[in-house]
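Per-entry structural report
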Amino acid sequence: SGRHVLKNIQWPFQGGMRYAIALDGEGQHQALFGILAALTRPDSGQVMLKGTDIAQTDILQIRKYRIGVIPQRYDLRDDLDASGNIQYAIRASGRTFLKPASAIARDLLGAVGFSSASTGIAVRDLSDIDRRRAAIARAISCEAPVIIIDEPTSDLDAEDRRSILALLKSLAHSRDPRRCMIMLTSEQSDMDAADQVY
């Protein structure tokens, strides 16, 4: 449209913290997600990660090591099961891991509380919460220090929302250095559960 949907913003984010960003309209939502996830370059200003402008960083390096992304549509292959999705992400990263991809996938799914009864079921046939857990496991599979989550609790009931928000809190603190979890949301429960709201 030619209008500036993000202007005069300076937000600091730290590891071990969960942030909620309340969104004002679809244009702002798309622009902010694209910029934070390094899918779009800002017209002006910078997005810095550990002192480096992400616009000057190779996008493959960002995806391999720096930023994990969970878009609204989960970023999962519907034809694979949860473990297959994580193994796919690990192989695509091109990184070398100390354990086999299948063992890493099993550990990550356990860490996010994925239902063992759902193992081997194609993602398209999973419950909403198990799809969400699989997407979170996939995003953390390459050990990125920053996770960008778009509407993490949309379409979930109250109990499942609480479960996902508790999971995100535990993941922010579960490694050293601690992860920074940034949620883009319009849900009040997400904002109430965050350490800081923008």
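Predicted model, so just to flag it, every value in this text is computed and none were measured.

**Focus on the sheet that holds strand β7 (residues 196-197)**
Pairing in this open sheet of 5 strands is parallel, and the strands run β4-β5-β6-β1-β7 from one edge to the other. Each edge of the sheet is formed by a strand with only one pairing partner; in this case those strands are β4 (67-70) and β7. With 2 bridges joining them, strand β1 (residues 18-22) and β7 adopt parallel strand pairing. Directly across from A20, in β7, lies its bridge partner V197. The sheet contacts of helix α1 (residues 26-36) involve β1, β4, β5 (146-150) and β6 (180-185), and relative to β6 the element is tilted by about 160°.

**Details of the pattern of salt bridges**
The full count for this structure, using the stated rule, is 7 salt bridges. The salt bridge partner of D75 is R138, with a shortest N-O separation of 3.1 Å. On the criterion of sequence distance, the pair formed by D75 in the loop between β4 and α3 (82-93) and R138 in helix α5 (residues 128-140) is long-range, its members being 63 residues apart. With a relative accessible area of 36%, D75 lands in the partly exposed category. In this structure R138 comes out as buried when scored by relative accessible area, which is 18%. With its nearest N and O atoms 2.7 Å apart, the salt bridge here joins D79 to R77.

**A closer look at empty space enclosed by the protein**
Considering all chains together, one arrives at 1 cavity of 30 Å³ or more under this definition. Residue lining of the largest cavity: 10 residues in total, with I70, R132, D150, E151 and P152 positioned closest to the centre. Looking at the lining of the largest cavity, the elements that each hand over two or more residues are α5 and β5. Considering only residue class, the lining of the largest cavity consists of 6 nonpolar, 1 polar and 3 charged.

Criteria and cut-off values
For every chain, the first residue of the written sequence is number 1, and numbering continues from 1 onward in sequence order. Per-residue local features of the predicted model are confined to residues with pLDDT of at least 70, and side-chain atom pairs are confined, for both listing and counting, to 80 or more; whole-chain, interface and lining totals are unaffected and use all residues. Based on all heavy atoms of the structure, the side-chain values leave hydrogens and waters out of the count. Strand pairing is defined by DSSP finding a minimum of two bridges between the two strands. For the purposes of this entry, the term helix denotes a DSSP run of H or I that reaches at least four residues, the term strand denotes a run of E that reaches at least two, and both are numbered from the N terminus. Any pair of residues with heavy atoms lying within 4.5 Å of one another is described as a contacting pair. Here, axes are lines fitted to C-alpha atoms. For helices the fit covers the stretch in contact, and angles between N-to-C directions go from 0 to 180 degrees. A side-chain nitrogen of Lys or Arg and a carboxyl oxygen of Asp or Glu constitute a salt bridge if their distance falls within 4 Å. Working definition: with a 1.4 Å probe on protein chains only, accessible area under 20% of the residue-type maximum means buried, over 50% means exposed, and in between means partly exposed. As defined here, a cavity is a set of points on a 1 Å grid over the protein atoms alone where a 1.4 Å probe fits but cannot get out. A pocket is an open set with protein on both sides within 12 Å along at least five of seven lines, and residues line them when an atom is within 4 Å of a point. Grid points are joined across faces, edges and corners, and a volume is the space filled by probe spheres set on the points. Asp, Glu, Lys and Arg are counted as charged, while Ala, Val, Leu, Ile, Met, Phe, Trp, Tyr, Cys and Pro are counted as nonpolar; the rest, among them Gly, fall into the polar class.

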